[in-house]
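What follows is each chain in one-letter form.
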Amino acid sequence: MDKNKILVPLSNNSYEVIIKQGLINSIGEELTRIGINNNRKILIVSNKEISTLFGSKLLNNLKKYNFNAEIFNIKAGESHKNLASLSEIFNAAFEVGLDRNSLIIALGGGIVGDVTGFAAATWLRGIEYIQIPTTLLSMVDSSVGGKTAVNHPKGKNLIGAFYQPKAVFIDPETLITLPTREFKAGMAEVIKYGVIKDKSLFEYLENEKNRNKIINLENESLIKIINKSIKTKARIVSEDEKEIGIRAILNYGHSFGHVIENLCGYGEYLHGEAISIGMKIAGDIATEKNLWSKEHSLRQDHLIESYGLPTQTPKIKKNEVMKILMGDKKVRNGKMRFILPVELGEVDIFNDINETQFLKYFD
Ligand code: GLY
């Protein structure tokens, strides 16, 4: 298979992730190639900022291939990842007459992708959808694997479905307009893959020359890190699509990350920034339990910091931390599960970590 075409092999509905510079200008061709007929109506869901940047390019190209497509914008930001935005998408779906044969395209970052995926999962009991992620974080994580959701006032992603896209099209060129802070936040997920499964990616990211190329958005290195990240994700998802077991390792750094996002207010820390701190705490706990060497732990923290990401835990009260952790979806039968590193490129799932071992990182 082409180097930049990654298959997500599933028992039903396997799909391809295509990574190619300039791909946003040939989506009509790609849809045709994967067998989507141009008699199918398309609703593109995006937000104002992203559709201003890429919407007309996408529409023009689809028109060239005689696709009938319209764009609908939802409001940007985590506070709009909710049932109200979902309902707005359904209204738009009704207005444009999306039927069972229609297609939805998510054009944007993780929020657009998650909400749109859930709309596709539930409109008429499920219609096909395509992911076109435009942020690094959504390219390497949320657009692949079929986790779709909206938030509930009581917690993040509490309402959702596992619903796989028909394909994922990634154009690294869209990262040029991504704010630097968001790009760095996406790097946290890339580093995560290095720690949990891919030592060679970890070492590649550590190299100063490579880091400069990545930070300067040099195409070849971007494709390399996106490709390597997605390959790991595809392998894990194909083994455990519904997160019965091993898929949980993709949540490395996320338990404490969610605590920080939740208690500091969404937006204060970007998701990637919060999980950077979460990875640092997980590394420290693992070192203290003699699961991981101090050297590896320091290398991880240095790598995180070298991409401009935080490792300092904000001031948060212990009882608040407990409340959030107990409500987290990672709790099974009342026990908290933690993903901790045991090697460089290897993590394991632990449910024997007691409260004192992790609460000491908080006030
Ligand atoms: N973002 C974690 C997962 O897809 O399972």
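Procedures and definitions
Residues numbered from 1 in each chain as written. Predicted model: local features only at pLDDT ≥ 70, side-chain atom pairs only at ≥ 80, totals over all residues. Heavy atoms only, no water. Helix = DSSP H or I, 4+ residues; strand = E, 2+ residues; numbered from the N terminus. Rg over C-alpha atoms; globule rule 2.2 N^0.38 Å. Contact = heavy atoms within 4.5 Å. Expected span 1.5 Å × (residues − 1). Buried < 20%, exposed > 50% of the residue type's maximum accessible area, 1.4 Å probe, protein only. Salt bridge = Lys/Arg side-chain N within 4 Å of Asp/Glu carboxyl O. Near = heavy atom within 4 Å. Polar contact = N/O pair within 3.5 Å; in protein donor to acceptor, adjacent residues only side chain to side chain. Areas by Shrake-Rupley, 256 points an atom, 1.4 Å probe, with all protein chains shown as cover. Nonpolar A, V, L, I, M, F, W, Y, C, P; charged D, E, K, R; others polar. Phe/Tyr/Trp six-rings, centres within 6.5 Å; stacked < 30°, edge-to-face > 60°. Lys NZ or Arg CZ within 6 Å of the ring centre and 35° of its normal. Pairing = 2+ DSSP bridges. Axes fitted to C-alpha atoms, helices over the stretch in contact; angles between N-to-C directions.

1. Digging into the overall build of the chain
For the chain, the helix and strand inventory stands at 14 helices and 13 strands. Here the chain has a C-alpha radius of gyration of 20 Å; the compact-globule value for 363 residues is 21 Å, and the two agree. Its C-alpha atoms give the chain principal-axis dimensions of roughly 60 × 45 × 35 Å. Of the contacts formed within the chain by residues at least 6 apart in sequence, a portion of 75% connects residues at least 24 apart.

2. Concerning helix 11 (residues 271-288)
Here helix 11 is 18 residues long and its end C-alpha atoms lie 26 Å apart, about the 26 Å a rise of 1.5 Å per residue gives. For helix 11, the tally of buried residues reaches 16 of 18 residues, placing the bulk of the element in the interior. Trailing helix 11 by a residue or two, Asn290 shows a phi angle of about 60 degrees, which is positive.

3. Regarding helix 6 (residues 180-196)
Its 17 residues place the ends of helix 6 25 Å apart at the C-alpha level, agreeing with the 24 Å of an ideal helix rising 1.5 Å per residue. Buried residues dominate helix 6, accounting for 13 of its 17 residues.

4. As for the pattern of salt bridges
The full count for this structure, using the stated rule, is 23 salt bridges. The shortest N-O distance in the salt bridge between Arg299 and Glu206 comes to 2.8 Å. One end of the pair, Arg299, is in helix 12 (residues 294-306); the other, Glu206, is in helix 7 (residues 199-206), and 93 residues separate them in sequence. For Arg299, a relative accessible area of 22% translates into the label partly exposed. Linked through salt bridges whose partners overlap, the residues forming this network are Asp141, Glu189, Lys192 and Lys233.

5. Comments concerning the site of the ligand
The ligand sits among Asp141, Lys147, Lys233, Glu243, Arg247, Leu250 and Asn251. In this structure, a nitrogen atom belonging to the ligand sits 3.0 Å away from a side-chain N or O atom of Asp141. Lys147 places a polar side-chain atom, nitrogen or oxygen, 2.9 Å from an oxygen atom of the ligand. When the ligand sits alone it has 200 Å² of accessible area, and the protein chains cover 90% of it. Considered class by class, the residues forming the shell around the ligand number one nonpolar, one polar and five charged.

6. A look at the packing of aromatic side chains
Inspection of the entire model under this criterion finds six aromatic pairs. Centre to centre, the rings of Phe90 and Trp123 are 5.8 Å apart; their planes meet at 25 degrees, and the pair counts as stacked. One end of the pair, Phe90, is in helix 3 (residues 83-96); the other, Trp123, is in the loop between helix 4 (110-122) and strand 6 (128-133), and 33 residues separate them in sequence. For Phe90, a relative accessible area of 23% corresponds to the partly exposed category. Measuring from centroid to centroid gives 5.7 Å for Tyr129 and Tyr163, while their planes differ by 10 degrees, and the two rings are stacked. Of this pair, Tyr129 sits in strand 6 while Tyr163 sits in the loop between strand 8 (155-162) and strand 9 (167-170); the two residues are 34 residues apart in sequence, bridging distant segments of the chain. Residue classification places Tyr163 among the partly exposed positions, given a relative accessible area of 24%. Taken together, Phe256, Phe338, Phe358 and Phe362 form an aromatic cluster joined through their ring pairs. Here the guanidinium or amino end of Lys192 rests over the ring plane of Tyr193, the centre of that ring lying 4.7 Å away.

7. Description of the sheet that holds strand 2 (residues 15-19)
Working definition: the strands of a sheet are paired by backbone hydrogen bonds and lie parallel or antiparallel to each other. Judged by pairing direction, the sheet is mixed, and its seven strands sit side by side in the order 1-2-9-6-5-3-4 without closing on themselves. Of all strands in the sheet, those bounded by a partner on one side alone are strand 1 (5-8) and strand 4 (69-74). Taking each pair of neighbouring strands and ignoring which way they run, the sheet shows an average axis angle of 20 degrees. Two elements, strand 2 and strand 9, share four bridges in a ladder whose sense is parallel. Considered in strand 9, the bridge of Val17 is made with Val168.

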